[in-house]
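Structural overview
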Amino acid sequence: MKIAIFGGTGDLGRGLAINFAAAGHEIVVGSRSQERAEQAADGLREALPSGTFTPLENVPAAEAGDLAVVSIPHEGIDATIPPMADALAGKVVVSVVNALRFGKSGSIAEQDIKHGSCGHWIQELAPEAKVVVAYNNLPAAGLQEQHHLDADVLVCGKSKAAREQVLELTSSLPGTRALDAGPLANALIIEGMTAIIINLNKRYGGEASLSISGLENAPERP
Ligand SMILES: NC(=O)c1ccc[n+]([C@@H]2O[C@H](COP(=O)([O-])OP(=O)(O)OC[C@H]3O[C@@H](n4cnc5c(N)ncnc54)[C@H](OP(=O)(O)O)[C@@H]3O)[C@@H](O)[C@H]2O)c1
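Now for a description of the structure that goes with this document. (Residues numbered from 1 in each chain as written. Predicted model: local features only at pLDDT ≥ 70, side-chain atom pairs only at ≥ 80, totals over all residues. Heavy atoms only, no water.)

Looking now at the pairing of strand E2 (residues 26-31). Every other side chain in a regular strand lies on the same face of the sheet, so the side chains alternate between the two faces. Counted residue by residue, E2 has five buried out of six residues, so it is predominantly covered. In this region the chain leaves strand E1 (residues 2-6), passes through helix H1 (residues 11-22) and returns to the parallel neighbour E2; the handedness of that crossover is right-handed. Bridging between E2 and strand E3 (residues 52-57) involves six bridges; their strand directions are parallel. Across the sheet, Glu-26 pairs through a bridge with Thr-52, a residue of E3. (Buried < 20%, exposed > 50% of the residue type's maximum accessible area, 1.4 Å probe, protein only. Helix = DSSP H or I, 4+ residues; strand = E, 2+ residues; numbered from the N terminus. Right-handed = clockwise from strand over helix to strand, strands pointing away. Pairing = 2+ DSSP bridges.)

Here's what the structure looks like:
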């Protein structure tokens, strides 16, 4: 599958790109700048010579991808999504975007986000896309190093078929198990958990991620 990653030049975007590419997917590295996309694609090729990385600006990347990943800061949603809304129609669009604030006492999830969550916000701006929220709680550094993450990935979105596609795609990420967490209405909770993970990392050190116990019929975490 051809996967377009908007903000594919950033920490999380590159982390997802290298793992998806290692699993055989073609990656379109999206950026606001062709030059930055090319630099990021060069770096990814160096890290994974067998991978296919095509650098493009975000809108042509949206046109080229079968599935898209939005991996930009939330402040960029309003400018980034509308010009690509037509290109995203009918496609699964994964949002990894979290809206967090960093205060003296730690990281805090923004509660007052347009439309209720970053996932809803993107869905409003690209109404024909099938927005799925996933990967919000994974560590970019561990992904870039292709670590076995030993993490659960909570997946939510309006379309069950789109969630299923993302559950399947997640088998590309070493040591992760994707779990169907239900409708997009839960997006803010998944996004906001990242603030807690950041505070835990600061307090106790390390690189935390989520793991859910007690599920009898879910697949084993690899
Ligand atoms: N870092 C993590 O560990 C992590 C983990 C889970 C989820 N997330 C979420 O994933 C998203 C990306 O995180 P990141 O750490 O990779 O972020 P980042 O490195 O700060 O930004 C990613 C890319 O977004 C583009 N960008 C920056 N500002 C933008 C704007 N105003 N409008 C449009 N594009 C902009 C930049 O690409 P160009 O300049 O090339 O366009 C940048 O390389 C965030 O929403 C974050 O909350 C991050």
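The residue Ile-3 is located in strand E1 in this model. The sequence separation of Ile-3 and Pro-49 amounts to 46 residues, and the corresponding C-alpha distance is 18 Å. Discounting chain neighbours no more than four positions away, the residues touching Ile-3 are Phe-20, His-25, Glu-26, Ile-27, Val-28, Leu-67, Val-69 and Leu-169. (Contact = heavy atoms within 4.5 Å.)

Moving on, we come to the pattern of salt bridges. This structure, assessed with the given rule, holds nine salt bridges. Ionic pairing is found between Arg-101 and Glu-110, a salt bridge with its closest N-O pair at 3.2 Å. (Salt bridge = Lys/Arg side-chain N within 4 Å of Asp/Glu carboxyl O.)

To continue, consider the site of the ligand. Neighbouring the ligand are 20 residues; Thr-9, Leu-12, Ser-31, Arg-32 and Ile-72 lie closest to it. Arg-32 is positioned with one of its backbone polar atoms (N or O) 2.8 Å from an oxygen atom of the ligand. Asn-98 is positioned such that a nitrogen or oxygen atom in its backbone is 3.4 Å from an oxygen atom of the ligand. Burial of the ligand by the protein amounts to 75% of the accessible area it has alone, namely 880 Å². Judged by the proximity of its atoms to the pocket grid, the ligand belongs to the largest pocket. (Near = heavy atom within 4 Å. Polar contact = N/O pair within 3.5 Å; in protein donor to acceptor, adjacent residues only side chain to side chain. Areas by Shrake-Rupley, 256 points an atom, 1.4 Å probe, with all protein chains shown as cover. 1 Å grid on protein atoms, 1.4 Å probe; cavity = no way out; pocket = protein on both sides within 12 Å on 5 of 7 lines; lining within 4 Å. Sits in = over half its atoms within 2 Å of the grid points.)

Tallied over the full model, the rule gives one cavity of 30 Å³ or more. Its boundaries defined by the atoms lining it, the largest cavity holds a volume of some 40 Å³. In this structure, the largest cavity is lined by Ala-134, Tyr-135, Asn-136, Asn-137, Leu-138, Asp-152, Val-153, Leu-154 and Ile-190. With three residues, strand E9 (residues 151-157) is the largest single contributor of residues to the lining of the largest cavity. Looking at the lining of the largest cavity residue by residue, the classes come out as six nonpolar, two polar and one charged. (Points joined across faces, edges and corners; volume = space filled by probe spheres on them. Nonpolar A, V, L, I, M, F, W, Y, C, P; charged D, E, K, R; others polar.)

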